[in-house]
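One-letter residues, chain by chain:
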Amino acid sequence: MMSQLDELYQEVILDHNKSPRNFGALDSANLQAEGHNPLCGDKVKVFIEIQKGLIRNVTFQGAGCAISTASASLMTESLKGKTVQEARKLMDSFHDLVTGQDEESYSCEIGKLAVFEGVKKYPVRVKCATLAWHTLQAALNQDKAPVTTE
Amino acid sequence: MDSPGVITQAALDVDRVRQDFPILHEQVYGIDLVYLDNAATTQKPRTVIEAVTNYYSVGNANVHRAVHRLSQVATEAYEGARVKVQRLINAADSREIVWLRGVTEGINLIANGLSAQFKPGDEIVVSNMEHHSNIVPWQMLCQRTGAVLRVIPIDESGQLEMDRFEELLGPRTKLVSVVHVSNALGTVNPVKRIVDLAHERGIPVVIDGAQCVQHYPVDVQELDCEFYAISGHKMYAPTGIGALYGKADWLERLPPYQGGGDMILSVSFEGTTYNEIPFKFEAGTPHIAGAIGMGAAVDYLLSLGLENIASYEHDLLEYATEQALQIPGLQIVGTADKKSSVLSFTIDRVHPHDIGTILDQQGIAIRTGHHCAQPVMDRYQIPATARISLCFYNTRQEIDAAFAALRKVQEVFS
Ligand SMILES: Cc1ncc(COP(=O)(O)O)c(C=O)c1O
């Protein structure tokens, strides 16, 4: 029973929850969006600085559960230096990972984000894991309206 | 300690009570279920399940419609259940009990029915601790009519600021609608006093009783409120059924809620004569099985005795509160003097959602989130709480299990 929990709350996740990376507003951002998960009241803001189609910097702000905070934190780490297209692909792969799709279907290298694989056993937590990513997508689409995972 | 001839035994025998609830003997993830989410919905005793099954097995027919035997049997059971609900809350007349889906529908019915009487600038007073179902229907009314919602603040302990309530009552106040017992905080509100203060100024009062009738005896005549709404599923009855009490003269003055069968006396294309109360509000084939199940739930509650239930649950809450105070970093949200068996809390550095998942893995069902009471969360500036809500079939051992699991949560996040 606890082993399945350990799979969900991996060390890396707990660490990123405790000390989130790239946390705070980003003055140089030229894209940003806000996301909301009504189920747990989580709110996240994602800031992106893009230059010539390349993601120079990403940060996030907000309060959430461990899964959503760690997911946002790891997301920001994994995006720096990627093109917008690569970022979108990574988002698809991440989504497949946490919803338990076949590994072969991942459209690109998931790397460190693999720590979120345990989420697939907790369908109600998928929304927590994907909130930051949905918000990223909204920012990339330059949506002004807040997104929700409902 | 027990001396012969002195009854020291609790009036409520929890082991026996637990035998009445089949689901309490189920397992989740191979572990015995510990169900501590009773404010969301309660489990059903066998008598309720059997009443529903029995209706479908041997008594199924539509009500108020046919001359055949089964229809009469169904109608008697359905109307009999109405009388049981009437007795539960001591309404003067069973015509004052309208069958509906629950509190949400009850409040929507009132808000729709009263709409025409509101003018721009009229005020409706609710409290900061309302469930969304006692906020949104009034906001919708305000949008339609230009009326304004006013809010009674709550203090740090989760009690209504009664002075502020009095100040809010003015010439523009047309209605007060407040929750009897808060689902998010457990606060038991002084509704009798609220009704008295409102009535001194001729203002009618609606009470959301969703979290009250299953815990305490309620007497609507003594309260003297105009409306009192309850939900079956929170008082050990099926989902999809509930009741709205309304004083007969108020119900008579309200227009029908929906149009259709059963709510009419006669229909022609020139016009329709509406049925009498309560049928005027019961358009269409109702949830007959649900109503019968709710009648059985009333019988069950009364057989245990609401005084016994209240005192047993009070002990449980005290026990759980003591345990909670021993957990470092745990803050109880809602510490009113008079509280139902609800323990809402937060734990430093751990989001309630993570608490919920970790407890769930140990077979313990609690609720985490905003409990459909976002203004309460905003009041305390927290996104969510974890909530243990107890009832008469819970035990001290279950509370121990929950707190052992909470210690595990703190380990994971240490
Ligand atoms: C205080 C309170 N009011 C109203 C409701 C709404 O009840 P229902 O969903 O049964 O209509 C609930 C239940 O969630 C509640 O706890």
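Residues numbered from 1 in each chain as written. Chains lettered and ligands numbered in written order. Predicted model: local features only at pLDDT ≥ 70, side-chain atom pairs only at ≥ 80, totals over all residues. Heavy atoms only, no water.

## Side note on the overall build of chain B
Each helix and strand counted, chain B has 14 helices and 17 strands in total. Taken over the C-alpha trace, chain B has a radius of gyration of 22 Å; the compact-globule value for 414 residues is 22 Å, and the two agree within 12%. Taken along its principal axes, the extent of the C-alpha atoms in chain B is 75 × 55 × 45 Å. With 414 residues in all, chain B has 58% of them scored as buried. Contacts in chain B between residues at least 24 apart in sequence constitute 71% of all its contacts with a sequence separation of at least 6. For chain B, the computed accessible surface area is about 17,100 Å², with 50% contributed by carbon and sulfur atoms. Placing the 33 positive and 49 negative side-chain charges of chain B at their respective mean positions leaves the two points 4 Å apart. (Helix = DSSP H or I, 4+ residues; strand = E, 2+ residues; numbered from the N terminus. Rg over C-alpha atoms; globule rule 2.2 N^0.38 Å. Buried < 20%, exposed > 50% of the residue type's maximum accessible area, 1.4 Å probe, protein only. Contact = heavy atoms within 4.5 Å. Areas by Shrake-Rupley, 256 points an atom, 1.4 Å probe, with all protein chains shown as cover. Lys, Arg positive; Asp, Glu negative; His and termini not counted. Charge placed at Lys NZ, Arg CZ, Asp CG, Glu CD.)

## Things to note about the domain arrangement of chain B
One widely used convention gives an interface's size as the accessible area the parts lose upon coming together. All names here are of chain B. In terms of domains, chain B is made up of domain 1 (14-32 + 305-413) and domain 2 (49-302). Inter-centroid distance (C-alpha atoms) of domain 1 to domain 2 is 28 Å. Tallying the contact residues gives 36 residues for domain 1 and 30 residues for domain 2. The interface formed by domain 1 and domain 2 includes one salt bridge. (Domains from an automatic or database assignment. Salt bridge = Lys/Arg side-chain N within 4 Å of Asp/Glu carboxyl O.)

## Describing helix H3 (residues 69-88) of chain B
Residue and element names in this part refer to chain B. End to end, H3 covers 29 Å across 20 residues, agreeing with the expected 28 Å (1.5 Å per residue, within 8%). When H3 is considered as a whole, its buried residues turn out to be Ser 71, Ala 74, Thr 75, Tyr 78, Glu 79, Ala 81, Arg 82, Val 85, Gln 86 and Leu 88. In the stretch just after H3, Asn 90 is the one whose phi turns positive, near 55°. (Expected span 1.5 Å × (residues − 1).)

## Some thoughts on the environment of Gln 221 of chain B
Residue and element names in this part refer to chain B. Inspection of the secondary structure assignment puts Gln 221 in helix H8 (residues 220-223). For Gln 221, a relative accessible area of 41% gives the class partly exposed. For the pair Gln 221 and Ser 71, spaced 150 residues apart in the sequence, the C-alpha separation amounts to 33 Å. Once residues within four sequence positions are removed from consideration, Gln 221 is found in contact with Asn 90, Ala 91 and Ala 92.

## Quick notes on the sheet that holds strand S9 (residues 227-231) of chain B
Residues and elements named next belong to chain B. If you trace the seven strands from one edge of the open sheet to the other, you get S4-S10-S9-S8-S7-S5-S6, paired in mixed fashion. Lying at the two open borders of the sheet, with one neighbouring strand each, are strand S4 (97-100) and strand S6 (148-152). Across the sheet, the axes of successive neighbouring strands diverge by a mean angle of 20°, strand direction being ignored. (Pairing = 2+ DSSP bridges. Axes fitted to C-alpha atoms, helices over the stretch in contact; angles between N-to-C directions.)

## Remarks on the environment of Gln 142 of chain A
All names here are of chain A. Relative to the helices and strands, Gln 142 is located in the loop between helix H5 (126-140) and strand S4 (147-148). It is 23 Å that separates the C-alpha atoms of Gln 142 and Arg 21, two residues lying 121 residues apart in sequence. If near-sequence neighbours (up to four positions away) are discounted, Gln 142 is found in contact with Asn 30 and Leu 31.

## Let's talk about the interface of chain A and chain B
Taken together, the contacts link 21 residues of chain A with 17 residues of chain B. Between chain A and chain B the total buried area reaches about 1,500 Å² when both faces are included, carbon and sulfur atoms providing 62% of it. Inspection of the region where chain A meets chain B yields one salt bridge. The salt bridge partner of Asp 354 of chain B is Arg 125 of chain A, with a shortest N-O separation of 2.8 Å. (Buried area = accessible area lost by both parts, 1.4 Å probe.)

## Quick notes on the site of the ligand
Residue and element names in this part refer to chain B. Lining the immediate surroundings of the ligand are 13 residues, of which Thr 104, Asp 208, Gln 211, Ser 231 and Lys 234 lie closest. Val 103 has a polar backbone atom sitting 3.4 Å from an oxygen atom of the ligand. Contact between the ligand and Asp 208: a nitrogen atom at 2.5 Å from a side-chain N or O atom of the residue. Within the complex, the protein chains bury 85% of what would otherwise be the 390 Å² of accessible surface of the ligand. (Near = heavy atom within 4 Å. Polar contact = N/O pair within 3.5 Å; in protein donor to acceptor, adjacent residues only side chain to side chain.)

## So, the packing of aromatic side chains
All names here are of chain B. Counting across every chain of the model gives 15 aromatic pairs over all chains. Ring centres 5.8 Å apart and planes at 80° place the aromatic pair Phe 392 and Tyr 393 in the edge-to-face group. Here the two residues Phe 392 and Tyr 393 agree in accessibility, since each one is buried. Over the face of the ring belonging to Trp 250 we find Arg 253, whose NZ or CZ atom lies 4.5 Å from the ring centre. Lying over the aromatic face of Tyr 216, Lys 338 brings its terminal NZ or CZ to 5.1 Å of the ring centre. (Phe/Tyr/Trp six-rings, centres within 6.5 Å; stacked < 30°, edge-to-face > 60°. Lys NZ or Arg CZ within 6 Å of the ring centre and 35° of its normal.)

## Things to note about the layout of surface pockets
By volume, the largest pocket is sized at about 440 Å³. For the largest pocket, the lining is made up of 23 residues, of which Val 124 of chain A together with Gly 356, Thr 357, Asp 360 and Ile 366 of chain B are closest to its centre. Elements with a minimum of two residues in the lining of the largest pocket: helix H12 (352-360), strand S15 (364-365) and strand S16 (367-369) of chain B. Among the elements that make up the lining of the largest pocket, the one with the highest residue count is H12 of chain B (four residues). In the lining of the largest pocket, the residues fall into ten nonpolar, eight polar and five charged. (1 Å grid on protein atoms, 1.4 Å probe; cavity = no way out; pocket = protein on both sides within 12 Å on 5 of 7 lines; lining within 4 Å. Points joined across faces, edges and corners; volume = space filled by probe spheres on them. Nonpolar A, V, L, I, M, F, W, Y, C, P; charged D, E, K, R; others polar.)

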